[in-house]
Amino acid sequence: MPYRAPVSEYEFLFRHVVGYDQVSATDRFSEADGDTVSAILTEAGKMCEEVMAPVQRNGDLHPARLENGKMRTSPGFADGWKAISEGGWIGMSAPEAHGGMGLPMALTTSVNEMMSAACLSLQLAPLMSQGQIEALDHHASDALKELYLPKLISGEWSGTMNLTEPQAGSDVGALSSKAEPNGDGTYAITGQKIFISWGDNDFSENICHLVLARLPDGVPGTKGISLFLVPKFLPDEAGKPGVANSLKVVSLEHKMGLHGSPTCVMQYDGATGWLVGKEHGGMAAMFTMMNNARLGVGGQGVGVAEGAYQHALAYALERKQGKTPSGTIVDHADVRRMLLEMKADLFASRAILLACAVAIDMQTATGEADWAARAALLTPIAKAFGTDTGIRVAETGVQVHGGMGFIEETGAAQYYRDVRVTAIYEGTNGIQAMDLVARKMMDGGEAACRLLEEIQKQAEHARGTLPELAEPVWQAAETLREATEWLVSQDNMNDRFAGAVPYLRAFARVLGGHYHLSAAMADKDGPRMALARFYVDRLLPEHAALLAHARAGAEGLYALGIDDLAGG
Ligand SMILES: Cc1cc2nc3c(=O)[nH]c(=O)nc-3n(C[C@H](O)[C@H](O)[C@H](O)COP(=O)(O)OP(=O)(O)OC[C@H]3O[C@@H](n4cnc5c(N)ncnc54)[C@H](O)[C@@H]3O)c2cc1C
């Protein structure tokens, strides 16, 4: 089934739902007006439909492989990378001074989402480069920026991020990779990193690894970690890839999905690296990359949800089974339920994602603390709800296909297998939820309550015309506000953590109600109104059960001892 880029959907969201007009009204982004947005999205959509979507199955059927130490990527991926690079899609939001386009993150996020829908495993490669570009732009020396940024932005070179080690996954501070000063301003990096996405390829001239390691005087834990740029080939005097660095891909992981993306075990044996940011300041620098990647991974979930939805709908419109007015399964009530749940949550997760990107753009353009707090608050929600939605929609897509969903040739199962990891990497969704209830509530819940006030104001405004939607949204925001107040008053962090995931999901449910209400207000007699009604009547009520769960505290979770967990 060919992928169709949902350009008009983004245009609608930008215009009526996520407040993009605020972004284009700033001096910083004044050139990214409605016409520019439409032109860019149309062009990117074409590339996704014509170049990336056709190689999606290749990644699954012909995974990347290591042949005598050389990486061989899936058929068509090199051409895909070329098209992504030449289209300028890697450096859309990168600084113009180094060859980027300086466009808003809202646009980059939309294009990244389309690329994820078309071919997730290939899209992960430019996503890694984008995060590295942002980290270098914020934290690297001018010399490193001048040498590396233009090449990363043009796609001649590509980037990776190296945090994970066997004993250091969620607990990054447990890493044991070492960095020793060489005495000439460079460092010797030694250690093993696992699960490194696109740790090598056969289409970029050089591969630039951002590696977390500890200097000899680095204290244990995250405070003693530094960040290094370690290229596969050391640049020569002319800035071209020169001699090979002391690093290699040891092996590739065999995975449940995402087969086109090589997931590498990397070995660094005194490899030459350059410090990025301050000594022992590695986590701060890496967080720039991780925040970028968290939004990007949320977009991966939304993108896969779009692809899986299109796939399922096309099947439902063709498959004949049972007596229905149209003759196909699309008229069965339960199939309608599945399709509407998919479509309604796809809209909600995309709106949250783009609202987060808009907050990042407003932070960039205005420097205002309130926008920074809004972006920080929405990032874990965009990541976790976007990826949870991708998984749920892809799983429902399999169900819509019946038995054919379990048969690989329809492609429905690939979406499900590919997207599953998005809830795990870039910080598991459990870790995202803990970030929301701990770090993002260090302001006593102020940023959250400010957003809830806006939601209630909009609901009050809509009460006159759409009371059946406005009232439940207002009430849901009120219940969430009460739960937030309860949450921030808990001194025992484990009581917060016990309810973190249901709290995040409830937050996303309420945000979804808010954005559906905005869409209904802009389209009172159209299908968006009907979709909003479906969401508010049938999905929004979940927030109440989730918040009851969120407020239950930790004690009950430990009422069963370890022996009881194992016992019958
Ligand atoms: C396909 C793939 C690609 C990847 N790409 C990269 C990459 O490019 N670069 C890179 O550096 N890494 C990468 N990773 C690694 C990924 O980021 C980690 O797998 C992830 O952070 C989780 O770490 P872990 O696997 O060690 O799980 P663990 O940390 O062992 O977690 C196991 C479970 O325990 C939970 N848990 C752990 N700690 C806590 C806590 N403090 N509180 C509550 N719950 C907790 C987790 O949520 C999870 O459910 C990739 C992984 C995969 C599978």
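Along each chain, residue indices are assigned from 1 in the same order as the chain's sequence is written. Restriction of local features to residues with pLDDT of at least 70 applies here, the model being predicted, together with a cutoff of 80 or more for giving and counting side-chain atom pairs; totals for whole chains, interfaces and linings are based on all residues. Note that the side-chain values use all heavy atoms of the structure and ignore hydrogens as well as water.

### What about helix α8 (residues 142-154)?
Each helix is a run of DSSP H or I of at least 4 residues and each strand a run of E of at least 2, with the numbering of both proceeding from the N terminus. Multiply 1.5 Å by the residue count of a helix minus one, and that product is the helix's expected span. Taking 1.5 Å per residue, 13 residues should reach 18 Å; α8 reaches 18 Å between its end C-alpha atoms and fits that length. The quantity called bend is, for any residue, the angle between two axes fitted respectively to the seven residues ending at it and the seven beginning at it. The principal kink in α8, of about 35°, is found at Y148, preceding the proline P150 by one to four residues. Accessibility here uses a 1.4 Å probe with only protein chains present; expressed as a share of the type maximum, an area under 20% marks a residue as buried, one over 50% as exposed, and anything in between as partly exposed. By the burial criterion, the buried members of α8 are L144, K145, Y148, L149, K151, L152 and I153. In this structure, the buried residues of α8 make contact with α7 (120-139), β3 (157-162), β6 (206-214), β7 (225-231), β8 (233-235) and β11 (263-276). Immediately beyond the C-terminal end of α8, within one or two residues, lies G155, with a positive phi of roughly 85°. The contact criterion used is simple: two residues touch if any of their non-hydrogen atoms lie within 4.5 Å.

### A closer look at the site of the ligand
As a structural note, the neighbourhood of the ligand is formed by 18 residues, with T164, S170, F195, S197 and T428 the closest of them. Any pair of N or O atoms that falls within 3.5 Å is considered a polar contact. Within protein, one atom must be able to donate a hydrogen and the other to accept it, and sequence-neighbouring residues count only if both atoms are side-chain atoms. At a separation of 2.7 Å, a nitrogen atom of the ligand approaches a polar side-chain atom of T164. Between S170 and the ligand, the recorded distance is 2.6 Å, taken from a side-chain N or O atom to an oxygen atom. Accessible areas in this description were obtained via Shrake-Rupley with a 1.4 Å probe; residue shielding takes into account the shown protein chains only. Out of a free accessible area of 980 Å², the ligand has 62% covered by protein chains. Among the secondary structure elements, those contributing two or more residues to the shell around the ligand are β3, β5 (187-197) and α13 (429-437). If one sorts the elements of the shell around the ligand by residue count, β5 sits on top with 3 residues. In this classification, the charged set is Asp, Glu, Lys and Arg, the nonpolar set is Ala, Val, Leu, Ile, Met, Phe, Trp, Tyr, Cys and Pro, and all remaining amino acids, among them Gly, are polar. Of the residues contributing to the shell around the ligand, the split by class is 9 nonpolar, 7 polar and 2 charged. To be near a molecule or strand, a residue needs just one of its heavy atoms within 4 Å of it.

### What to know about a nonpolar patch on the surface
Each patch is built from salt-bridge-free residues with over 30% relative accessible area, joining like charges within 9 Å and nonpolar side chains (Val, Leu, Ile, Met, Phe, Trp, Tyr) within 5 Å. Salt bridge criterion: a side-chain nitrogen from Lys or Arg within 4 Å of a carboxyl oxygen from Asp or Glu. Together, L560, I562 and L565 make up an exposed nonpolar region whose accessible area comes to about 360 Å². Here L565 is to be found in helix α20 (residues 562-566).

### Side note on the pairing of strand β4 (residues 178-181)
Strand direction decides the pairing type here: β4 and β5, joined by 4 bridges, are antiparallel. The residue of β5 that forms the bridge with P181 is Y187. The hairpin formed by β4 and β5 contains 5 residues between the paired strands, and G183 there has a positive phi angle of roughly 90°. Two strands are said to pair when DSSP picks up at least two bridges between them.

### Quick word on helix α12 (residues 412-419)
Of all the 8 residues making up α12, 7 are buried; the element is thus mostly covered by neighbouring parts of the structure. Considered for burial, the residues of α12 that qualify are A412, A413, Q414, Y415, R417, D418 and V419. For α12, the secondary structure elements touched by its buried residues are α4 (56-61), α6 (105-118), α7, α9 (282-318) and α11 (369-400).

### Describing the packing of aromatic side chains
Ring geometry is summarised as follows: Phe, Tyr and Trp rings, the Trp one being its six-membered ring, pair when their centres sit within 6.5 Å, and such pairs are stacked at plane angles under 30 degrees, edge-to-face over 60 and tilted between the two. Inspection of the entire model under this criterion finds 7 aromatic pairs. Between F14 and Y20 the ring centres are 4.7 Å apart and the planes differ by 20°, which places this aromatic pair in the stacked class. Like F14, the residue Y20 is buried in the burial classification. Aromatic pair Y187 and F228: ring centres 5.0 Å apart, planes at 55°, arrangement tilted. In this pair, Y187 sits in strand β5 while F228 sits in strand β7, placing the two residues 41 residues apart along the sequence. Each member of the pair, Y187 as well as F228, is classed as buried. In this arrangement the basic side chain of R463 is found over the ring face of W474, its NZ or CZ atom lying 5.4 Å from the centre. Geometrically, a charge over a ring is one whose NZ (Lys) or CZ (Arg) sits within 6 Å of the ring centre while staying within 35 degrees of the ring normal. In this structure, R528 is placed above the aromatic ring of F12, and the distance from its NZ or CZ to the ring centre is 3.6 Å.

### Focus: the pattern of salt bridges
In total, this model carries 27 salt bridges according to the counting rule given. Put simply, E113 and R350 hold a salt bridge, and the shortest N to O gap is 2.8 Å. Here E113 is found in helix α6, whereas its partner R350 is found in helix α10 (residues 333-366), with 237 residues between them in sequence. For the residue pair E113 and R350, the accessibility class agrees, reading buried in each case. Through salt bridges with shared partners, a single network forms among R57, D60, E408 and R417.

### Structural notes on the packing of α11 against α13
The angle between the axes and the distance between the axes are what describe a pair of packed helices. At their nearest, the axes of α11 and α13 sit 9 Å apart, and the two run at 155° to each other. With respect to α13, the element α11 is oriented roughly antiparallel. Between α11 and α13 the crossing geometry is left-handed. Seen from α11, the contacting residues are L377, P380, I381, K383, A384, T387 and D388; seen from α13, they are N429, Q432, D435 and L436. The class makeup of the residues in the contact of α11 with α13 is 5 nonpolar, 3 polar and 3 charged. Orientation is described by axes fitted as lines to C-alpha atoms, over the contacting stretch for helices, and by angles from 0 to 180 degrees between their N-to-C directions. Relative orientations are named as follows: roughly parallel for angles under 35 degrees, roughly antiparallel for angles over 145 degrees, roughly perpendicular for angles from 65 to 115 degrees, and oblique for any other angle. Crossing chirality is assigned from the near helix's rotation relative to the far helix, an anticlockwise turn below a right angle marking it left-handed and a clockwise turn marking it right-handed.

### Digging into unusual backbone geometry
As a rule of thumb, non-glycine residues mostly have phi less than zero, and peptide bonds are mostly trans rather than cis. For N68, which is not glycine, the phi torsion reads 50° and is therefore positive. Relative to the assigned elements, N68 resides in the loop between β1 (65-67) and β2 (70-72). Overall, the relative accessible area of 83% leaves N68 in the exposed class. In this structure, E426 is a non-glycine residue whose phi angle is positive, near 65°. Structurally, E426 can be placed in the loop between α12 and α13. Taking relative accessible area as the criterion, E426 reaches 13% and is therefore assigned buried.

### A few points about the state of the cysteines
Two cysteine sulfurs form what is called a disulfide whenever their separation falls within 2.5 Å. Within this structure, the stated rule accounts for 0 disulfides. Left without a disulfide partner, C119 is nearest to the cysteine sulfur of C48, which lies 10 Å away. Free cysteine C449: the closest other cysteine sulfur is in C356, separated by 18 Å. With a relative accessible area of 18%, C449 lands in the buried category.

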